[in-house]
Amino acid sequence: MGYASQYYDPQKAHEYYEKNKKLKGRRSTRKFDDKQKAAYSYVKNQLNEEKKAALKTASENSKAKSTAERESISDSAKAKKEAISEKAKAQRQAFTEDCKEKVAALREKLKGMSKEERAKMKNLISQQIEGIKEAFASRKANVSADASAQKKDITSKASADKKAVTASARASLKTEKQGIKDTYESKLDAEYDKISKGV
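What this report covers is the structure whose coordinates are included nearby.

Procedures and definitions
Residues numbered from 1 in each chain as written. Predicted model: local features only at pLDDT ≥ 70, side-chain atom pairs only at ≥ 80, totals over all residues. Heavy atoms only, no water. Helix = DSSP H or I, 4+ residues; strand = E, 2+ residues; numbered from the N terminus. Buried < 20%, exposed > 50% of the residue type's maximum accessible area, 1.4 Å probe, protein only. Areas by Shrake-Rupley, 256 points an atom, 1.4 Å probe, with all protein chains shown as cover. Axes fitted to C-alpha atoms, helices over the stretch in contact; angles between N-to-C directions. Parallel < 35°, antiparallel > 145°, perpendicular 65-115°, else oblique. Nonpolar A, V, L, I, M, F, W, Y, C, P; charged D, E, K, R; others polar. Phe/Tyr/Trp six-rings, centres within 6.5 Å; stacked < 30°, edge-to-face > 60°. Lys NZ or Arg CZ within 6 Å of the ring centre and 35° of its normal. Contact = heavy atoms within 4.5 Å. Salt bridge = Lys/Arg side-chain N within 4 Å of Asp/Glu carboxyl O. Core = buried A, V, L, I, M, F, W, Y, C linked by side-chain atoms within 4.5 Å.

**Topic: the overall build of the protein**
- A count of helical and extended segments in the protein gives three helices and zero strands.
- Helices and strands in the protein line up, N terminus first, as α-α-α.
- Along the longest, intermediate and shortest principal axes, the C-alpha atoms of the protein span 125 × 50 × 15 Å.
- Buried positions account for 18% of the 199 residues belonging to the protein.
- Just so you have it, the protein exposes about 15,600 Å², and 51% of that area is on carbon and sulfur atoms.

Following this line, the structure appears as C-alpha cells:
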C-alpha cells in the first residue's frame, strides 16, 4: 500500500516530479581502481576548496558593495537633511530679525509721541507688537514643521532605497552563487570523465 493522506495526490505528485526532476548522472567510483579513486578524491577535494573560496569571495564582494551603496545613501540623506536644517535655521533667523525690526519701529514710534498721545497709543502699539510676535512665532513654527516633514520624507526614502539595495544584492548574490556551483559541478563532471577514461 502506498502513502495515504488527504494532502497527497499521486497524480499531482508524479506531475510535480516530472516537471522538477533534474536528470543528473551519479558519479560512481565502484568501477575505479585504487589509483583512479585516489585521483578522483583529490580532484573533488581541490575543486570543493576552490568552490568554497569562490563562494566566500562572492559573498564578501557583495557585502562590501551593498554596504558601500547603503552608506552612500545614508550620507546623501544626511547631507540633504543638514541642508534643510540650515535653510530652516536661516529662515527662522530672518523672521526673528524682521520681527525685531518691526517691534523696534513701533517702539520708536511710541517714543516720538507726546505723553498724551503715548498714553492713548500705548495699548494699541502693545497689541500690534504682540500680533507681530505671534505671527512670526507661527511662521517660525511652520518652517520647523515643514523642515521636519521634509527630513522625515528623506529618511523614509533612504530607508526604502537601502532595503532595495539589500534585496538586489541578495538576489544577485544568489544568482552568482548558483553560477559558481554550476561551474564547479561541470568541472567535477569533466574531471570524472577524464579519470574514468584514464586520461
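**Quick word on the packing of helix α2 (residues 34-111) against helix α3 (residues 115-197)**
- Close contact between α2 and α3 brings their axes to 9 Å; oriented N to C, the two are set at 170°. Taken together, the axes of α2 and α3 are roughly antiparallel relative to one another.
- Class assignment of the residues belonging to the contact of α2 with α3 gives a composition of 33 nonpolar, 14 polar and 25 charged.

**Notes on the packing of aromatic side chains**
- A full pass over the atoms with the stated rule returns two aromatic pairs.
- Note on Tyr40 and Tyr192: the rings are 5.5 Å apart at their centroids and 80° apart in plane angle, and the pair reads as edge-to-face. Here Tyr192 lies in helix α3 and Tyr40 lies in helix α2, a separation of 152 residues in the sequence.
- On the basis of an interplanar angle of 55° and a centroid distance of 6.5 Å, the ring pair of Phe95 and Phe136 is categorised as tilted. In this pair, Phe95 is assigned in helix α2 and Phe136 in helix α3, connecting sequence segments 41 residues apart. Phe136 carries the same exposure label as Phe95, and that label is buried.
- Positioned over the ring face of Tyr184 is Lys187, at 4.5 Å from the centre of the ring.

**Section: the environment of Arg107**
- Inspection of the secondary structure assignment puts Arg107 in helix α2.
- The partly exposed category is assigned to Arg107, whose relative accessible area is 45%.
- Placed 19 residues apart in sequence, Arg107 and Ser126 show a C-alpha to C-alpha distance of 8.8 Å.
- Contacts of Arg107, omitting those with residues within four sequence positions, involve Ile129 and Lys133.

**Focus: the pattern of salt bridges**
- In this structure the tally under the stated criterion is two salt bridges.
- Between Asp161 and Lys157 there is a salt bridge whose closest N-O contact spans 2.9 Å. Of this pair, Asp161 and Lys157 both sit in helix α3, four residues apart, which is roughly one turn of that helix.
- A relative accessible area of 30% means that Asp161 is categorised as partly exposed.
- Taking the relative accessible area as the measure of exposure, Lys157 reaches 53% and is therefore exposed.

**Some thoughts on the nonpolar core**
- With 19 residues, the main nonpolar core has Cys99, Val103, Leu106, Ile125, Ile129, Ile132 and Phe136 as its most contacted residues.
- Contributing elements (two or more residues each) for this core: α2 and α3.
- Of all hydrophobic cores here, the second largest spans twelve residues; its members include Tyr40, Ala58, Tyr184 and Ile195.

**Some details on the environment of Tyr42**
- Note that Tyr42 resides in helix α2.
- What makes Tyr42 exposed here is its relative accessible area of 55%.
- Residues Tyr42 and Arg30, twelve residues apart in the sequence, show an inter-C-alpha distance of 16 Å.

In short, geometric facts, not functional conclusions.
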